[in-house]
Amino acid sequence: NLTGALNDLQQYFGSHVLLLASLSFDASWRALGILLTGGCLHVPENRRDLPAVSRYMREHGVDSVSCTPSQLAALLAAGPAPSPLRILAGGEPFPAALWQQLAGQGDVTAFNLYGPTECTVDVTVAPVQGVRPVIGKPITNTRLYVLDAHQALTPAGVPGELYIGGAGVGRGYLNRPRLTAERFVPDPFGEPGDRLYRTGDLVRYLPSGDLEFLGRVDNQVKIRGYRIELGEIEAALRKHTGVDQAVVIVHGDTPDALRLIAYVTSAPGQTWQDSAGPQLRDDLAQLLPDHMVPSVIMALDKLPVGPGGKLDRRALPEPDGARPELDAAFQAPTNPTQEAISAIWSELLDITPIGIHDDFFQLGGHSMLAIQVISRVNEAFDTDMTLRVIFDSPTITALAEHVNSLTSTVDRTWEALQPVPRTEQLPLSFAQQRLWFLDQLMPNNPFYNIPDAVRLNGALDVDALGAALSGVVARHEVLRTTLHDEAGRPWQSVSAPQPVDLPVTDISAEPEPESAARRMVAAEALTPFDLSTGPMFRAGLLRLAADDHVLMVTMHHVAADAWSRTVLFDEIQLLYTALVEGRNATLPDLPVQYADFAAWQRRWFEDGKLSSQ
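Residues numbered from 1 in each chain as written. Predicted model: local features only at pLDDT ≥ 70, side-chain atom pairs only at ≥ 80, totals over all residues. Heavy atoms only, no water.

**Notes on the overall build of the chain**
The following threshold applies: Per the convention used, a helix needs a DSSP run of H or I reaching at least four residues, while a strand needs a run of E reaching at least two, with both numbered from the N terminus. Between buried and exposed lies partly exposed: a residue is buried under 20% and exposed over 50% of the maximum accessible area for its type, with that area taken using a 1.4 Å probe on protein chains only. In what follows, residue pairs with any heavy atoms lying within 4.5 Å of each other are defined as contacts. Using the Shrake-Rupley algorithm and a 1.4 Å probe, accessible areas are obtained, with residue cover drawn only from the displayed protein chains.
The secondary structure content of the chain amounts to 18 helices and 23 strands. When its C-alpha atoms are laid out on the principal axes, the chain stretches across 90 × 65 × 50 Å. The buried share among the 613 residues of the chain stands at 47%. Of the contacts made within the chain by residues no fewer than 6 positions apart, 62% connect residues no fewer than 24 positions apart. Looking at the chain as shown, the accessible area adds up to about 29900 Å², and 53% of this sits on carbon and sulfur atoms.

Written out as structure tokens, the structure reads:
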């Protein structure tokens with residue numbers, strides 16, 4: 001395979017090649033190739049002193065350089081490059097601005113090399129030309145397939161995961177059979193015994209036959225119920241005229257605190273003010289849906305890279321909680337109502353200070369945080385505002401005015417939310433009734449399933465986990481609720497608490513436990529609920545190894561939503577930890593349940609007070 005690669009790539013080597021990459025970096029195999037093809041290899045003493053490296057290149061007649069795109073950009077900025085110059089760049093995505101810069105220089109011939117270590121490094125090559133970075137076409141002895149989630153071929157232009165076959169595919173990972181089985185899979189398009197390597201890279205074929213790199217498959221995240229491809233956001237940022245490089249990460253410790261953070265470097269001649277202020281967020285909002293616009297955009301002089309020249313995500317700075325640059329000038333709260341609302345916003349958004357004219361959503365707020373804002377404001381001021389208010393009044397000053405208007409006119413005779421007897425048929429809330437009606441139209445459908453699969457690594461006490469699940473189901477009646485119909489009038493009933501069934505399926509003996517787990521998780525997510533018999537909560541445990549499990553939890557939307565599932569998993573963790581540590585594993589009783597809210601909502605509507613809101 002190396003012989004075939006050399007035959008393909010030696011035409012791109014010059015006679016005097018500077019190796020800027022570390023000798024421990026996989027792409028440094030080119031050093032051997034350069035020597036075997038008669039070239040002179042230059043290895044600078046201090047690769048980090050780029051001005052000195054630039055001078056060395058000019059003084060020693062270097063006509064080629066092998067490095068990563070990040071190193072290349074820094075090298076070109078450190079001083080004038082020798083002319084003519086050949087460039088072999090690879091190891092990370094090629095920034096569009098750098099690509100266009102090189103494509104426009106007639107005395108520079110650059111090539112983008114792509115390939116993972118698992119496939120003997122280089123598998124594609126593309127000349128740097130045009131305006132669109134590509135990773136090109138396969139080299140000798142290499143087969144490339146773009147497959148969907150079901151390992152079926154995708155049409156040209158449709159994104160999919162890149163699978164690599166051919167003589168360069170390695171045998172696997174030393175002493176890591178499970179990971180080997182996950183990444184090196186049978187080749188359905190080759191001879192018996194052939195294997196493909198799953199790269200985890202998201203690509204698509206262009207009409208030219210070149211492959212375009214779009215990002216990482218594992219860069220797809222789920223925030224507040226939305227599946228988000230981080231590479232798509234990064235690509236949108238890099239299209240901005242003021243941005244050179246861009247990286248987007250997910251920040252937050254709990255599901256309800258997750259938010260998108262973008263890091264950008266300014267394009268040449270631009271500054272932070274030009275490239276990453278309010279205008280950048282506004283421009284992104286024209287290209288992306290609201291849930292894909294980063295909450296925070298941080299400008300850096302340069303993105304951090306590791307010794308191999310690749311991006312070091314762990315070195316990206318944490319958001320400092322400072323107020324971002326906004327269209328509105330900062331103005332501090334001027335009255336107690338504004339101060340109280342400002343304190344609530346600061347705690348939930350983790351930003352200080354917040355001005356009274358700052359837009360909640362420009363500060364990074366979203367629908368789930370908005371729910372918590374309204375809940376806390378209602379509690380603080382004894383009001384009954386609906387969620388719609390914060391969308392109509394997204395600044396502190398507007399929200400405070402709304403609060404003040406309510407506190408001066410609110411009808412204090414309204415009935416408080418109180419428990420109702422369980423001796424009679426309980427009405428449905430409006431949300432429950434809507435879902436019940438849809439289920440009547442199309443019964444036994446999985447459209448409103450809320451599935452979760454949680455990977456559990458390490459020792460697991462299955463009995464304690466089952467008891468923790470039983471504890472949360474006992475605590476929340478809505479998980480034990482079933483819906484019924486009498487003469488066209490739906491109602492709900494609550495069953496007595498019972499231990500949760502937690503079946504354990506051992507798939508450790510499967511040839512590919514990871515693949516088996518994915519299939520079983522997908523099948524569980526598509527298993528419908530019967531709203532009349534329940535339960536509205538299901539759990540199952542997959543055992544991939546003695547210390548490796550997947551917990552499957554599925555609920556129907558009639559009993560849960562994105563916010564409540566966060567509460568549920570927090571409580572499961574609390575109960576499980578207490579049980580394992582031998583502590584008292586109980587949570588305080590809830591003063592009211594969802595059925596109490598449904599009854600209260602119905603009375604509120606019948607009294608005509610809902611229409612006033």
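**Brief notes about the sheet that holds strand 4 (residues 85–90)**
The criterion, for reference: Any two strands with at least two DSSP-identified bridges between them are counted as paired. Between N-to-C directions, angles span 0 to 180 degrees; the directions come from axes that are lines fitted to C-alpha atoms, helices contributing only their stretch in contact.
If you walk across this open sheet you meet the seven strands as 2-1-3-4-5-6-7, and the pairing is mixed. The open sheet has two edge strands, strand 2 (40–42) and strand 7 (137–138), and neither has a second partner. Both strand 3 (residues 64–67) and strand 4 contribute to a ladder of four bridges, which runs parallel. Residue pairing for strand 4: Val 65 is matched across the bridge by Ile 87. Contacting strand 1 (16–19), strand 2, strand 3, strand 4 and strand 5 (108–114), helix 2 (residues 29–36) crosses the sheet at an angle of about 145° to strand 2. Sitting on the sheet, helix 4 (residues 69–78) is in contact with strand 3 and strand 4, with an inclination near 130° to strand 3.

**Focus: the packing of aromatic side chains**
Our working definition: The aromatic pairing rule takes the rings of Phe, Tyr and Trp, using the six-membered ring of Trp, and pairs them if the centres are within 6.5 Å, calling planes under 30 degrees apart stacked, those over 60 edge-to-face and the rest tilted. Whether a charge sits over a ring comes down to the Lys NZ or Arg CZ being within 6 Å of the ring centre and within 35 degrees of the ring normal.
Per the stated rule, a full pass over the model turns up nine aromatic pairs. Look at Phe 94 and Trp 99: their rings are 5.3 Å apart centre to centre, the planes differ by 85°, and that puts the pair in the edge-to-face class. Here the aromatic residues Trp 345, Phe 360, Phe 361 and Phe 391 are joined through ring pairs into a cluster of three or more. Sitting over the ring of Phe 529, Arg 538 keeps its end group 4.1 Å from the ring centre.

**Observations concerning the environment of Gly 104**
Here Gly 104 is to be found in the loop between helix 5 (96–103) and strand 5. Considering only alpha carbons, one finds Gly 104 and Pro 394, 290 residues apart in sequence, at a separation of 46 Å.

**Focus on the domain arrangement of the chain**
Going by this rule: Annotation comment: domain bounds sourced from an automatic or database domain assignment.
As far as domains go, the chain holds domain 1 (1–140), domain 2 (220–307), domain 3 (330–408) and domain 4 (426–598). Relative placement of domain 1 and domain 4: their C-alpha centres are 53 Å apart.

**What to know about the pattern of salt bridges**
Inclusion rule: Whenever Lys or Arg places a side-chain nitrogen within 4 Å of a carboxyl oxygen from Asp or Glu, that contact is recorded as a salt bridge.
Tallying each qualifying case throughout the model produces 20 salt bridges. Three or more residues are tied together by salt bridges with common partners; here these are Glu 161, Glu 182, Arg 183 and Arg 198.

**Looking at the sheet that holds strand 22 (residues 537–545)**
Reading across from one edge, 18-23-22-21 is the order of the four strands in this open sheet, with mixed pairing throughout. Two strands lie at the open edges of the sheet, namely strand 18 (449–457) and strand 21 (504–506), each paired on one side alone. Neighbouring strand axes in the sheet, compared pairwise and without regard to direction, differ in orientation by 20° on average. Sheet topology note: the strand 22/strand 23 (residues 548–556) ladder contains eight bridges and is antiparallel. Paired with Phe 537 across the strands is Met 555, a residue of strand 23. Across the sheet, helix 15 (residues 462–475) lies against strand 18, strand 21, strand 22 and strand 23, angled at about 165° from strand 22, the strand it touches most.

**A look at the confidence of the model for the chain**
Our working rule: For every residue, the predictor assigns a confidence score, pLDDT, that lies between 0 and 100.
Averaged over all residues, the pLDDT of the chain equals 85, while 92% of them reach at least 70. The least confident element of the chain is helix 8 (residues 272–275), whose mean pLDDT is 51; the most confident is strand 21, at 96.

**A few points about the pairing of strand 3**
Rules: By the criterion used throughout, a crossover qualifies as right-handed when its path from the first strand across the helix to the second strand runs clockwise, the strands pointing away from the viewer.
Neither face of strand 3 is left uncovered, since the one carrying Ser 64 and Ser 66 and the one carrying Val 65 and Cys 67 both have all their residues buried. In this fold, the crossover linking strand 3 to strand 4 by way of helix 4 has right-handed handedness.

**Observations concerning helix 14 (residues 430–441)**
This is how the line gets drawn: In this scheme, a helix's expected span is set at 1.5 Å multiplied by one less than its residue total.
In this model, helix 14 (12 residues) spans 17 Å end to end at C-alpha, consistent with the 16 Å of a helix rising 1.5 Å per residue. At its buried positions, helix 14 is contacted by strand 19 (481–486), strand 20 (489–494) and helix 18 (594–606).

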